[in-house]
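In case you want the letters, here they are:
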Amino acid sequence: MKSLSRYEVTDKTRFTDSWIWLTLLLIVGFIVWRTVSSLAALSIALAGMIIIGLIYRSSKQHVGNTVEITDQAMIFKDADQQSCIAFNEIKKVKTNRLLSLLGDPAFIIETSTGKKRWLQPDDYNNGEKLREELNRHLNVFIQSE
């Protein structure tokens, strides 16, 4: 029997790293308000509101998405679409810290057919276990960016 691991995006996972950046933005806003001008602080506050809106919208779009990992492939379910990447068709895997800001690096998986898939394990419940499983399966393909 082949092992199957399933990981799902939950509500809370999209906001885990964002609070630090928003707190720093709030502190910068207070400093700018006291030292520069209230108009500059207003622009920082508006930027914070836009960021919160984008994070909220993004989190609602991704809740319920899943990734399933078997011994031979990864199966992705995004909304109503499903896709699969077999481990034997992977050309290379890059890790990228810029896409994850404060968390562990995200994986950019490129297949021999030219398809690219971005995967951030921190977005999924039990993300550390998912990261360990991905490292185990993708270790031969990984190139740091």
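Use the structure listed above.
Residues numbered from 1 in each chain as written. Predicted model: local features only at pLDDT ≥ 70, side-chain atom pairs only at ≥ 80, totals over all residues. Heavy atoms only, no water.

1. Here we look at unusual backbone geometry
Where the residue is not glycine, phi is negative for most of them; where a peptide bond is considered, it is trans in most cases.
Then, number 1: Phi is positive for Asn126, close to 60°, though the residue is something other than glycine.
Then, number 2: Mapped onto the elements of the fold, Asn126 is located in the loop between strand S7 (116-119) and helix H3 (127-138). (Helix = DSSP H or I, 4+ residues; strand = E, 2+ residues; numbered from the N terminus.)

2. Quick look at the sheet that holds strand S2 (residues 66-69)
Then, number 1: Reading across the sheet, the four strands line up as S1-S2-S3-S4 and stay open at both edges, with antiparallel pairing between neighbours. Since the sheet does not close on itself, it has two edges, and those belong to strand S1 (5-8) and strand S4 (81-86), each with one partner. Each adjacent strand pair in this sheet contributes to an overall mean axis angle of 15°, direction not counted.
Then, number 2: Relative to S2, S1 is paired through four bridges, and the arrangement is antiparallel. Paired with Ser5 across the strands is Ile69, a residue of S2.
Then, number 3: Packing of H3 onto the sheet brings it into contact with S1, S2 and strand S3 (73-78), and relative to S2 it is tilted by some 45°. (Pairing = 2+ DSSP bridges. Axes fitted to C-alpha atoms, helices over the stretch in contact; angles between N-to-C directions. Contact = heavy atoms within 4.5 Å.)

3. Describing the layout of surface pockets
Then, number 1: Space inside the second largest pocket adds up to approximately 220 Å³.
Then, number 2: In this structure, the second largest pocket is lined by Leu22, Thr23, Leu25, Leu26, Gly29, Phe30, Ala41, Ile44, Ala45, Gly48, Met49 and Ile52.
Then, number 3: Of all the elements in the fold, those that place two or more residues in the lining of the second largest pocket are helix H1 (18-35) and helix H2 (38-62).
Then, number 4: Of the residues contributing to the lining of the second largest pocket, the split by class is nine nonpolar, three polar and no charged. (1 Å grid on protein atoms, 1.4 Å probe; cavity = no way out; pocket = protein on both sides within 12 Å on 5 of 7 lines; lining within 4 Å. Points joined across faces, edges and corners; volume = space filled by probe spheres on them. Nonpolar A, V, L, I, M, F, W, Y, C, P; charged D, E, K, R; others polar.)

4. Remarks on the packing of aromatic side chains
Then, number 1: In total, this model carries one aromatic pair according to the counting rule given.
Then, number 2: On the numbers, 6.4 Å between centres and 55° between planes, the contact of Phe30 with Trp33 is tilted. Of this pair, Phe30 and Trp33 are both found in helix H1, three residues apart, which corresponds to roughly one turn of the helix.
Then, number 3: Overall, Phe30 belongs to the partly exposed group, its relative accessible area being 47%.
Then, number 4: Cation over ring: Arg34 sits above Trp33, and NZ or CZ is 5.4 Å from the ring centre. (Phe/Tyr/Trp six-rings, centres within 6.5 Å; stacked < 30°, edge-to-face > 60°. Buried < 20%, exposed > 50% of the residue type's maximum accessible area, 1.4 Å probe, protein only. Lys NZ or Arg CZ within 6 Å of the ring centre and 35° of its normal.)

5. Concerning the nonpolar core
As a rule of thumb, nonpolar side chains are buried together in soluble globular proteins.
Then, number 1: Ranked by size, the top nonpolar core spans 18 residues in total, and within it Ile69, Met74, Ile90, Ile109, Leu134 and Leu138 carry the most contacts.
Then, number 2: Elements with a contribution of two residues or more to this core: S2, S3, strand S5 (90-96), strand S6 (106-111) and H3.
Then, number 3: It is H3 that provides the largest number of residues to this core, a total of three residues.
Then, number 4: Not counting residues up to four positions away in its chain, the partners in contact with Ile109 are Met74, Ile85, Ile90, Lys92, Val93, Lys115, Lys116, Arg117 and Leu138. (Core = buried A, V, L, I, M, F, W, Y, C linked by side-chain atoms within 4.5 Å.)

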